[in-house]
Every structure is written in C-alpha cells, then in structure tokens.
Amino acid sequence: MKNQCIAAISTAFGKGGIAVIRISGEGAIEVAGKMFRPAGKKKLTEISGGRAVYGKIYSEGRMIDDGIATVFRAPNSFTGEDTVEISCHGGVLLTERVLKTAFMCGAVQAQAGEFTQRAFLNGKIDLSGAEAVIGLIEAESEEKLNLCASHAAGVLKRRTEEIYGKVLHLLSSVYVGLDYPEEDLEEVSDEDFRASLESIYAELEKTASTYREGKAVAEGVRTVLLGKPNAGKSSLLNALLGENRAIVTDIPGTTRDVIEEKVNCGRIILRLADTAGIRQSGDAVEKIGIEKAIEKARESELMIAVFDVSRPLDGEDEKLISLIAGEMKAGKSVIAAINKSDSEERFTEDELLARFKAELGSENGFIKTVRISARDGNGVDDLKKACESLFADGYTDYASVAVVCNARQFSAVCAAKDAVSRALAAFDSGLGSDVCGMDLESALAALGEIDGRSVSEEVTSSIFHNFCVGK
C-alpha cells in the first residue's frame, strides 16, 4: 500500500492561473502517460527525469486542456518515488476533472501529508524537516519563516547527529572493552569518561534552553490581558493589533467574553486573549466572563496586567495582584502595563511593586513595568519590546544555531538529558561505566526521536495528519 500510486491537487483550492496535480508512487509515470500526451514524438514514459514537457491532457478520450508535465524519476524526487506533476489551467471544475482522470487511470486519493510522509519513509527528509514543511506553509512572521527554513535545511538534524555521534562513540568505547577483554585495547579512563558525560550533558542542556525562544517564534506565547474593569485592556488590544478589534466604552464590564488574536511582537508571536475585567459582580453573564479570565490566566505563559494609573490602587487591584502573584509562583512571566500615563498619576510604580512584593514575600525585580497610554498608542512599542525580551533576548542566527521549536523535539532532548544525568549519577555513586551504558542507550533512543530514526508510527501518523492533502 505504501508504494501505491497516489494523486492529489497540490495547489490551493480555488480559481487561479494554474493548478498542479501531483502523482507519485509505483506506476506514476504510466498513470500520467495515460492522460497526458507530450507535443513531441516521445511518450511521457520515455521522458527522462528532471524534464518538463508541454502537451495535451485527455479525459475519456477527449482533450480537456493543455499544460505541462514535469517528470521526476526515483530516487530524484521529493517523495523518492517516480513522480509526475501536471500543471493545468487553474479552474476549480477543470482541476477536479484532471484529478478525477488520474484516479480513472489507476491512482488513488492521497491522504493528508502522504507525499511528505513518503519522503520521510524513503529517507528524503528527516522528521524535524518534515515538521518544518508545515511551519513554512503556516508561517505568519519572518522569524518563523527563517526558523522553519533552517530546520528544513537540516540545522537541527546536524546538531542532533553531532550529539548522537558523541553518545554513540562513548557507548562503543564502553562495550568494546566488555566484549573483547582479551584484546589489547586502549580503555577510556574514568576521568575522560566522566568529562565526556559532562560535555554531552552541557550540550543537551544548551539545546533544550533554546525551546523557550523557538516555541515563542514558531507557535507563539499564550498571553492574557488582565485588569479591573475600565483599566484599558481592550484599548491596549486594539493598539497592539493596530485596528479596532474590541469594543471600547466608558461603561465598566463592556468586555464579557474572551477575545483572542495573534500579534506579531518583534521576533515572537503573542497569542493574545483580552478578558473581562476582574471584580466582584452580581451579573451572571459577567461572572462567567470573569471565570474565563481567571482560567486564561492559569493557562497562560505571559500575563500583561493593566493598571489604570489615573485611579488609586484599590481592593480590585489587590485581588488582581493576588491572582497574578499566585501564577508567578508557578513560573509565569508578568509585565505590569501602567496605563493612562498621560493623566494625573494616583499611584507610583514603587507603590505597585511594593504590593507585588507583599504578596510574593520576596524581591520582585523580575516584574517588568512599562508605562503606556493605550488610547493614543504611546509606549505600546516599548511593551512589545518588553514581551520580546522575555522570550527572545538578543539575535539568534537560525541558519547556524539549532533551535528546538516544538514540544515533541523538546521532550526528546529533555529525555536524552535526563538519561545522561542518570549516567553521571550512577558513575559518581561508584557504579561502573558498563552500568552507565544502559542510560546512554536510553539517551540514544531519545535523540533518535528528534529526526525520526527511532520514533513510533503513532507519532509520525499524528504529525503528518496535520498536513493538508496534496502535501
């Protein structure tokens, strides 16, 4: 079944200048040859790989269009199989007719991501590279485009292979002495063995540390706007978006439900949620909105707390600070946006930080504060820079630095790091290097999951299911 000839429309659905129908698998060129006749003397099956030819497209014996057929012969194709891409005029009905003709000639409908999955199974692309293809298609920022392009070019794969090679070399040095004790082989000293373990652990830790930035660039940061009613949350959302997305009035409690949008924030993306003002309320609908706001705070990675400096800090602010402090103790990042800074100020920044310190019971230098005026946009750029600095502080050259960008990759790196940590602990407790070998084998297996050399079929199926049909 995996070699079966498959076909799908690989261009976006809708009317356009051209559309591309991709046919791949066993007998793909023969299938395409039944429906496409080159203008020259050669049949399509006689065309060499890497060539495009003009010709006519036929369905049930009638010419329905003219177009271009590009022939790729295995293994020199995207999938690693014989592949033909037929470019026809991009009418919706015409494109579907050409695809239907491919089915009539012997192909079957490709499943979501099946072309890329075959490329992975045939060794044309590794798993992190396949994930990068999705990212390239879905990229909403230049940074995500650059990051995914680096993965597609194999930057993460090469880094993984380097660490994998070092673990394998160390493991081999352990086992060769055990398997061939009678041979006069140079043994690895205890000092060198431990130094190698420490070096590998440090490399894994450094790679794992890139996930915070990689995730913020590739997937975005779950961010919530919090504040009491009329603090200016919705005005701030509109200012960040550069459009009037949320209704803004002087009536407290205008925002009842959660409004979610994506905001490009320098190098990162904020997956931003504007929420109802947090206060005591007898309104049943508003209470539901407040409960949702608290739920979003608990789900978030970044909280932007909006405080109205034109009003004194009161009990509602205290409740908000208490909620935020609780989440901060769980490791959440916080930026305090001091809004309406163009008005007469009724509290100082030091007073606000003192309230946080009282709740946290510790110094609060890790709370960033930014002065803004959401209505006229003053300070909004400073707020964006503050958000960016929390997750991508400084320039990273994705073309040369391997950055982990999704939970699957991060989990695999952490599993490898934990395995090496166990090996170090075992060695330091007096156990021999042969016992450490079991943990090193676990580290190899975890590293193999990143590029797919030891990943389960269930995981790969889940990844490729996220692709569109035709890719």
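Above this text sits the structure in question.
The rules we used
Residues numbered from 1 in each chain as written. Predicted model: local features only at pLDDT ≥ 70, side-chain atom pairs only at ≥ 80, totals over all residues. Heavy atoms only, no water. Helix = DSSP H or I, 4+ residues; strand = E, 2+ residues; numbered from the N terminus. Buried < 20%, exposed > 50% of the residue type's maximum accessible area, 1.4 Å probe, protein only. Contact = heavy atoms within 4.5 Å. Pairing = 2+ DSSP bridges. Salt bridge = Lys/Arg side-chain N within 4 Å of Asp/Glu carboxyl O. Core = buried A, V, L, I, M, F, W, Y, C linked by side-chain atoms within 4.5 Å. Polar contact = N/O pair within 3.5 Å; in protein donor to acceptor, adjacent residues only side chain to side chain. Phe/Tyr/Trp six-rings, centres within 6.5 Å; stacked < 30°, edge-to-face > 60°. Lys NZ or Arg CZ within 6 Å of the ring centre and 35° of its normal. Axes fitted to C-alpha atoms, helices over the stretch in contact; angles between N-to-C directions. Parallel < 35°, antiparallel > 145°, perpendicular 65-115°, else oblique. Nonpolar A, V, L, I, M, F, W, Y, C, P; charged D, E, K, R; others polar.

Draft legend 1. Just the overall build of the protein, in detail. From N to C terminus, the protein includes 16 helices and 13 strands. A burial count over the protein gives 48% of its 471 residues as buried. Intrachain contacts of the protein at a sequence separation of at least 6 include 70% that bridge at least 24 residues.

Draft legend 2. Examining the sheet that holds strand β1 (residues 6–9) more closely. If you walk across this open sheet you meet the 7 strands as β3-β4-β5-β6-β2-β1-β7, and the pairing is mixed. The strands lining the two open edges of the sheet, one partner per strand, are β3 (36–38) and β7 (108–109). Judged from the 9 bridges that link them, strand β4 (residues 51–59) and strand β5 (residues 62–72) form a sheet pairing that is antiparallel. Directly across from Ala52, in β5, lies its bridge partner Thr70.

Draft legend 3. Region of the structure containing the environment of Lys292. For Lys292, the location among the structural elements is in helix α10 (residues 284–299). Taking C-alpha positions, Lys292 is 7.5 Å from Thr275, a pair spaced 17 residues apart along the chain.

Draft legend 4. Broad picture of the pattern of salt bridges. The tally for this structure, following the rule as stated, stands at 25 salt bridges. Glu301 is paired through a salt bridge with Arg222; the nearest N and O atoms lie 3.7 Å apart. Highlighted residues: Glu301 in the loop between α10 and β11 (302–308) and Arg222 in strand β8 (residues 221–226), separated in sequence by 79 residues. The class for Arg222 is partly exposed, based on a relative accessible area of 34%. With its nearest N and O atoms 1.8 Å apart, the salt bridge here joins Glu345 to Arg371. Placement of Glu345 in the loop between β12 (333–339) and α12 (349–360) and of Arg371 in strand β13 (residues 368–371) is noted, with a sequence separation of 26 residues between them. Using a relative accessible area of 35% as the deciding quantity, one classes Glu345 as partly exposed.

Draft legend 5. Representation of the nonpolar core. One finds Leu236, Ile268, Leu270, Leu302, Ile304, Leu383 and Cys387 to be the most contacted residues of the largest nonpolar core, which totals 33 residues. Setting aside residues up to four positions removed in sequence, Ile304 forms contacts with Thr223, Val224, Leu225, Leu226, Leu236, Ile335, Ala337, Leu383 and Cys387. Leu156, Ala208, Val420 and Ala446 belong to the second-largest nonpolar core, a separate cluster that totals 32 residues.

Draft legend 6. Quick peek at the side chain of Ser300. Position of Ser300 among the secondary structure elements: in the loop between α10 and β11. Here Ser300 falls in the buried class, since its relative accessible area comes to 3%. A distance of 2.8 Å separates a polar atom in the side chain of Ser300 from the backbone oxygen of Ala297. Those residues within four positions of Ser300 in sequence are excluded, and the remaining contacts are Arg222, Val224 and Lys332.

Draft legend 7. Spotlight on the packing of aromatic side chains. Under the criterion given, the structure shown has 3 aromatic pairs. Judged by centre distance (4.2 Å) and plane angle (10 degrees), the rings of Tyr211 and Phe410 are stacked. Of the two residues, Tyr211 sits in helix α8 (residues 211–218) while Phe410 sits in helix α14 (residues 407–428), which places them 199 residues apart along the sequence. Seen from the ring of Phe391, Arg212 lies directly overhead, with NZ or CZ sitting 4.0 Å from the centre.

Draft legend 8. Up close: the packing of helix α5 (residues 142–152) against α8. One way to put it is that α5 packs onto α8 with a least axis distance of 8 Å and a crossing angle of 120 degrees. Classified by the angle between their axes, α5 and α8 sit oblique to one another. On α8, the residues touching Glu143, Lys144 and Leu147 of α5 are Gly214, Val217 and Ala218. Taken together, the residues of the contact of α5 with α8 break down into 3 nonpolar, 1 polar and 2 charged.

Draft legend 9. Here's a closer look at the pairing of β1. Bridge analysis of β1 against strand β2 (residues 16–24) gives 4 bridges, and the strand direction is antiparallel. Bridge pairing in β2 places Ala7 opposite Ile23. Once β1 ends, the chain turns through 6 residues before running back antiparallel as β2, passing Gly14 with a positive phi of about 130 degrees.

Draft legend 10. How the structure looks around the environment of Ser400. Along the polypeptide, Ser400 turns up in the loop between α13 (380–391) and α14. Since its relative accessible area comes to 52%, Ser400 is described here as exposed. Sequence separation between Ser400 and Ser150 is 250 residues; the distance between their C-alpha atoms is 8.0 Å.

Draft legend 11. Summary view of the sheet that holds β13. One open sheet holds the 6 strands; their spatial order is β9-β10-β8-β11-β12-β13, and the pairing between them is mixed. Strands at the two margins of the open sheet, each flanked by one partner only, are β9 (259–265) and β13. Between one strand and the next, the sheet's axes are offset by a mean angle of 25 degrees, whatever the strand orientation. As paired elements, β12 and β13 share 4 bridges and run parallel to each other. Note on β13: the bridge partner recorded for Ile338 is Arg371.

Draft legend 12. Broad picture of the pairing of strand β10 (residues 268–274). β10 sits mainly inside the fold: 6 of its 7 residues count as buried. Pairing between β8 and β10: 5 bridges, direction parallel. Note that in β10 the partner of Val221 across the bridge is Leu270. What sits between β9 and β10 in their antiparallel hairpin is a turn of 2 residues, with Gly266 showing a positive phi close to 70 degrees.

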